[in-house]
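# Fold and geometry: a report
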Amino acid sequence: LVAMLLNPEVLRKAQEEIDRVVGRTRQPDFGDMESLPYMDALCKEILRWRPIGPLGVAHSNIVEDVYEGMYIPAGSKVYANIELMSKDPMAYPNPEEFRPERWLGPDPAPAFPGAFGFGRRQCPGKHI
Ligand code: HEM
């Protein structure tokens, strides 16, 4: 909602696509997905711009580890800084800008699956 209020031009484009592809007499379904590239890009941008769980949930390492010179004892609580990754200016130039177009065209932004966490405990709802 905030993204749409702050970016009325994005809202206008998304509404135009939904009206054109789906119309106003039925709900969208998975069969529409390929025909809704702007909506697809918009959802990706929402998950990148403001990840719902910016730090995911706590994980714990079974064995000790060293990461970039830092010793992490076994049994530590480990949080992934998801929002830092989603705001990486090398991957997503001008990262605070809400711009679905970065996911479209011949040279789209690199995928950002991090919003759903990592590894075996990754969010099983991501497909929904
Ligand atoms: C945009 C929507 C969603 C986002 C951004 C999201 C994000 C996340 C994140 C970051 C985690 C933690 C993963 C980790 O430990 O690394 C998680 C876990 C989980 N999510 Fe989601 N989620 C979403 C929707 C859903 C939906 C729709 C469902 C169920 C229908 C769901 C069910 C779960 C469950 C059960 C876990 C715990 C998995 C485990 O600990 O083994 N999520 N989600």
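Source: prediction; values computed, not measured. (Residues numbered from 1 in each chain as written. Predicted model: local features only at pLDDT ≥ 70, side-chain atom pairs only at ≥ 80, totals over all residues. Heavy atoms only, no water.)

### A closer look at the coordination of the iron atom of the ligand
By definition of the ideal shapes, four donors in a tetrahedron about a metal sit 109.5 degrees apart, and six donors in an octahedron sit 90 or 180 degrees apart. From the protein, the iron atom of the ligand takes a single donor atom, Cys123 (SG), 2.2 Å away. Mapped onto the fold, Cys123 is located in the segment after helix 4 (82-86). (Donors = N, O, S within 2.8 Å, 3.2 Å for Na, K, Ca; no water. Helix = DSSP H or I, 4+ residues; strand = E, 2+ residues; numbered from the N terminus.)

### Section: the site of the ligand
What surrounds the ligand is a group of 13 residues, the closest being Val57, His59, Phe118, Arg121 and Cys123. Take Phe118: an N or O atom from its main chain is 3.0 Å from an oxygen atom of the ligand. Looking at the shell around the ligand residue by residue, the classes come out as nine nonpolar, three polar and one charged. (Near = heavy atom within 4 Å. Polar contact = N/O pair within 3.5 Å; in protein donor to acceptor, adjacent residues only side chain to side chain. Nonpolar A, V, L, I, M, F, W, Y, C, P; charged D, E, K, R; others polar.)

### Re unusual backbone geometry
For residues other than glycine, phi is negative in most cases, and the peptide bonds are mostly trans. Although it is not a glycine, Glu68 sits at a positive phi angle of roughly 45°. Summarising the element assignment, Glu68 is placed in the loop between strand 2 (65-67) and strand 3 (70-72). With a phi angle near 50°, Asn94 is a residue other than glycine that sits in the positive phi range. Note that Asn94 resides in the segment after helix 4.

### Topic: the packing of helix 2 (residues 8-21) against helix 3 (residues 37-49)
Following both chains from N to C, one finds helix 2 and helix 3 inclined at 140°, their axes separated by 8 Å at the closest point. Taken as axis vectors, helix 2 and helix 3 run oblique relative to one another. Considering how the two elements wind past one another, helix 2 and helix 3 form a crossing that is left-handed. Residues Val10, Lys13, Ala14, Glu17 and Ile18 of helix 2 pack against Pro37, Tyr38, Met39 and Leu42 of helix 3. Partitioned by chemical class, the residues of the contact of helix 2 with helix 3 number seven nonpolar, no polar and two charged. (Axes fitted to C-alpha atoms, helices over the stretch in contact; angles between N-to-C directions. Parallel < 35°, antiparallel > 145°, perpendicular 65-115°, else oblique. Left-handed = near helix turned anticlockwise from the far one by under 90°. Contact = heavy atoms within 4.5 Å.)

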